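# Notes for the structure review
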Amino acid sequence: MSLVEYAEFLVGSLVSDAEMVRVQSFQEDSFLTLEIMVPEADMGAVIGKAGRVANSIRVLIQAYAYLHESSKVHVNIEAF
């Protein structure tokens, strides 16, 4: 499972419609940027109270990247 697929699975389990989650990856210098797009209605579930869920998502994705790809990952979560 690639890093993008892992992020889609992880965030897809939190939203009402997993098919609406979009994840794109961009390689920049020495790190990889993942841009996670979720519907506006599901943004509260993905961010969580005081951003705790979003921080947990970032930690899990960074740990997965460390174990499988050994590159630094920045995660951006946005709504559409």
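Report follows, based on the coordinates. (Residues numbered from 1 in each chain as written. Predicted model: local features only at pLDDT ≥ 70, side-chain atom pairs only at ≥ 80, totals over all residues. Heavy atoms only, no water.)

## With respect to the packing of helix 1 (residues 3–12) against helix 3 (residues 52–68)
Where helix 1 contacts helix 3, the two axes come as close as 10 Å, and the packing angle between them is 150°. The angle between helix 1 and helix 3 falls in the class roughly antiparallel. In terms of crossing hand, the pair formed by helix 1 and helix 3 is right-handed. Contacts from L3, Y6, A7, L10 and V11 in helix 1 reach I57, L60, I61, Y64 and A65 in helix 3. Looking at the contact of helix 1 with helix 3 residue by residue, the class counts come to 10 nonpolar, no polar and no charged. (Axes fitted to C-alpha atoms, helices over the stretch in contact; angles between N-to-C directions. Helix = DSSP H or I, 4+ residues; strand = E, 2+ residues; numbered from the N terminus. Parallel < 35°, antiparallel > 145°, perpendicular 65-115°, else oblique. Left-handed = near helix turned anticlockwise from the far one by under 90°. Contact = heavy atoms within 4.5 Å. Nonpolar A, V, L, I, M, F, W, Y, C, P; charged D, E, K, R; others polar.)

## Comments concerning the environment of L3
Checked against the element boundaries, L3 lands in helix 1. When its relative accessible area of 3% is taken as the criterion, L3 is described as buried. When the C-alpha atoms of L3 and Y64 are compared, they prove to be 7.3 Å apart, with 61 residues separating the residues in sequence. Those residues in contact with L3 that sit more than four places away from it in its chain are L32, L34, I61, Y64, A65, E69 and V73. (Buried < 20%, exposed > 50% of the residue type's maximum accessible area, 1.4 Å probe, protein only.)

The values reported here are purely geometric and, on their own, carry no functional implication.
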